Each structure stands twice: as C-alpha cells, then as structure tokens.
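Structural overview for review
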Amino acid sequence: MLIIDKLSYQSKLRYVNAGEKFFFSLATLILCVIARSAALCLPVLALMSLLTVVKSGTPLRRYLQLMAIPLAFLIINSLILGLSIRQTPLEVFAIPFGSWYLTASRETLLYSIRVFVTAMAAVSCLYFLSCSTPMTDILQVLKKLKCPKLLIELMLLIYRYIFVLLDCAHSISIAQKSRLGNISFRQSLRSFGQLVSALFIQAVRRSGRLYDAMESRCYDGDIRVLSENRPPKKAELALILFFELFLLAMTVIVRCKV
C-alpha cells in the first residue's frame, strides 16, 4: 500500500463527507491559482498544512517528507524563473563570467516567489484531499458530478494497478539484488532494463487476466463499487462556504490591484 493511501485510510477525517473535502480543496486551489499572490497563498499554505497535520492526523514528519518531493522541483523552477543570463547586468545582483552576467531583477525575483508560493499552496490543497480521502471516495464524488464513466473506470483500474506493479517490481528488484544484479553501474543499468521489460510483460498478462475475470462476471461496461452514505453537516458546509467567499473576495481585491 502506498504511504499516501495508508494515511488517507487512517485519517481522522476519513468519514467526513467526501464531497465537502473535494469542494473545499478544489475551490481553494483554483482561487490560489487565480490570485497568484504570496499574501493570499501563504495563509492558505499554513491553513492546509495545519488541517492535514492536526485535524487529519497526518504525522508531521511524514507530511514534511511528502512536501519535500515538490519542494525540490519548485526551488529549481523558481531559480530558473528568477535568474537570467544576459550581457547587461540587472539591479539586484550580477555575477560576471566572460562577457555575460548571471543576473536578476526585482520583477523576476518577485514573480518567481509568487509562482513558488502559489504552487506550494496548490500542492498543500491536494495533499489535504489525498491524505484525508481514499481514492474510492474521490471516484464516487466524480461519479456524482457526472464525469464520464470511461474516465472513472480508467482511473480506478490504473490506481489498482499501481499497487500490483509496484509489488511486482519490488519482488523482481529483490531477486536481482540477491543475485548481485547491482554489483556495478553497468550491471545496474542492465538489471534495470530487464526489470522494465519483465514488468511490461507482467502488466500485459495481468491486464488480460483481469479483463477475462471481469467478462466471466458479466461485466457490462460499468464497475460498481460499494460506497457508504455520509451526509454533509450543515455547520461544516457553512464554514467552508464562508471561507471560500472570503477567499474569493480577497482574490478579487488582489486581482483588481494588479
């Protein structure tokens, strides 16, 4: 089981209405992206992190490990956006090398900071949803929103096969290590290629067996999954609506000032 999937099933918010969490996360994410303001996205980042750790019960160490994955990518992306190489130096700083300068302006630095904070706030929204809501509940919400059945079934099957292929890849990797398959860099590359090819063959075989099993059970194009009915609470809905309206008002104010 994936770590994030395990966290969602152990979450304190596991039995809260999935539609509430889905709307709260998605609406907040959209408003953050529209506003693209550090003054608005920083409080959202702090609030979502607090809800994920305190309210949902995700361990702080585990949450920081999850946030470190997009953090490394976003830092590199922000450096690329904030810095530039040109023949004329800009006002913030300039590092010469030959006739060129590694330099930055106030506008590019502020833009890179806004993009970084906005992206981190959006990631925190997604982590709140994924750490508190199992994938099956999210798919039920999408089904109620009249998403195409084919898309939902593909998401369900792909999600199911993530665990199957990871387990298969883990078994193959252990077998290779026990036979000194990673004793050198060249041998590691060869073992990795063999792992990928074996994994592809296993995926094709298992997909065929899965389809045959579904056909033998009268599969008619619709995968039916049992779901629990958890009606939303009026107090929670009112709180979410108030927060989103406040965030919308702040977004309008921020965009009007630009």
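Details of the structure are given in the entry above.
Residues numbered from 1 in each chain as written. Predicted model: local features only at pLDDT ≥ 70, side-chain atom pairs only at ≥ 80, totals over all residues. Heavy atoms only, no water.

**Comments concerning the overall build of the protein**
We apply this condition: Helix and strand assignments follow DSSP, with helices taken as H or I runs no shorter than four residues and strands as E runs no shorter than two, numbered in order from the N terminus. Exposure is judged per residue with a 1.4 Å probe applied to protein chains only, and the accessible area is read against the type maximum: over 50% gives exposed, under 20% gives buried, and values in between give partly exposed. Note on definitions: a residue-residue contact is assigned when non-hydrogen atoms from the two residues lie within 4.5 Å.
When helices and strands are tallied, the protein shows nine helices and three strands. Starting at the N terminus, the α and β elements of the protein follow one another as α-α-α-α-β-β-β-α-α-α-α-α. Once the C-alpha set of the protein is aligned to its principal axes, its extents read approximately 70 × 60 × 35 Å. Relative to its 258 residues, the protein shows a buried fraction of 34%. Contacts spanning at least 24 positions in sequence make up 69% of the contacts within the protein whose residues lie at least 6 apart.

**Here we look at the sheet that holds strand S3 (residues 100-104)**
Which entries qualify depends on this criterion: Any two strands with at least two DSSP bridges between them are considered paired. Angles shown run from 0 to 180 degrees and are taken between the N-to-C directions of axes, each axis being a line fitted to C-alpha atoms and, for helices, limited to the stretch in contact.
Spatially, the three strands line up as an open sheet ordered S1-S3-S2, and their pairing is antiparallel. Sheet topology places strand S1 (84-86) and strand S2 (93-97) at the edges, where each strand pairs with a single neighbour. Shown here is a sheet whose adjacent strand axes are inclined to one another by a mean of 30 degrees, direction ignored. Direction of pairing for S2 relative to S3: antiparallel, over a ladder of five bridges. The residue of S3 that forms the bridge with Ala 94 is Thr 103.

**What about unusual backbone geometry?**
Non-glycine residue Arg 36 carries a positive phi angle of around 50 degrees. Positive phi, normally seen in glycine, also occurs at Lys 146, with a value near 65 degrees. Its place among the elements puts Lys 146 in the loop between helix H6 (135-144) and helix H7 (149-178). For Lys 146, a relative accessible area of 74% gives the class exposed.

**Points about the pattern of salt bridges**
This is how the line gets drawn: When a carboxyl oxygen of Asp or Glu is within 4 Å of a side-chain nitrogen of Lys or Arg, the pair counts as a salt bridge.
Summed over the entire model, instances satisfying the criterion amount to one salt bridge. Between Arg 14 and Asp 137 there is a salt bridge, and its shortest N-O distance comes to 3.1 Å. Placement of the pair is Arg 14 in the loop between helix H1 (3-10) and helix H2 (18-35) and Asp 137 in helix H6, with a sequence separation of 123 residues. Of the two residues, Arg 14 and Asp 137, both sit in the buried class.

**Describing the packing of H2 against H6**
For clarity, the cut-off: Oblique is the label for any angle not under 35 degrees, not over 145, and not in the 65 to 115 range, which are roughly parallel, roughly antiparallel and roughly perpendicular in turn. Under the grouping applied here, Gly and all other residues not named as nonpolar or charged are polar, the nonpolar ones being Ala, Val, Leu, Ile, Met, Phe, Trp, Tyr, Cys and Pro and the charged ones Asp, Glu, Lys and Arg.
For the pair H2 and H6, the least separation of the axes is 9 Å and the interaxial angle reads 80 degrees. Relative to H6, the element H2 is oriented roughly perpendicular. Contacts between H2 and H6 involve Ala 18, Gly 19 and Phe 22 on the former and, on the latter, Asp 137, Ile 138, Val 141 and Leu 142. For the contact of H2 with H6, a count of residues per class yields five nonpolar, one polar and one charged.

**Section: H6**
What sets the pattern is the α-helix's 3.6 residues per turn: residues three or four places apart point alike. The element H6 is largely enclosed, with a buried count of seven among its ten residues. Every buried residue belonging to H6 is among Met 135, Asp 137, Ile 138, Leu 139, Gln 140, Val 141 and Leu 142, and all of these are buried. Buried positions along H6 lie against H2, helix H5 (106-132) and H7. At the C-terminal side of H6, Lys 146 shows a positive phi close to 65 degrees.

**Looking at a nonpolar patch on the surface**
Condition: Residues enter a patch when their relative accessible area is above 30% and they make no salt bridge; the linking distance is 9 Å between like charges and 5 Å between nonpolar side chains (Val, Leu, Ile, Met, Phe, Trp, Tyr). The protein chains shown are the only cover counted for residues, whose accessible areas, like all others here, come from Shrake-Rupley with a 1.4 Å probe.
Taken together, Leu 150, Leu 154, Ile 158, Ile 162 and Leu 166 make up a surface patch of nonpolar side chains, about 470 Å² in accessible area. Considering the arrangement of structural elements, one finds Ile 158 in helix H7. Overall, Ile 158 belongs to the exposed group, its relative accessible area being 55%.

**Examining the pairing of S3**
Judged from the three bridges that link them, S1 and S3 form a sheet pairing that is antiparallel. The residue of S3 that forms the bridge with Ile 85 is Leu 102.

**Overview of H7**
For clarity, the cut-off: Under the convention used throughout, the expected extent of a helix is 1.5 Å for every residue step, that is, one less than its residue count.
Look at H7: 44 Å from first C-alpha to last across 30 residues, which is about the 44 Å you get at 1.5 Å a residue. For H7, the complete set of buried residues consists of Ile 152, Glu 153, Leu 156, Tyr 159, Tyr 161, Val 164, Cys 168, Ala 169, Ile 172 and Gln 176. Buried residues belonging to H7 abut H1, H6 and helix H8 (185-216). One or two positions beyond H7, positive phi appears at Leu 180, with a value near 60 degrees.

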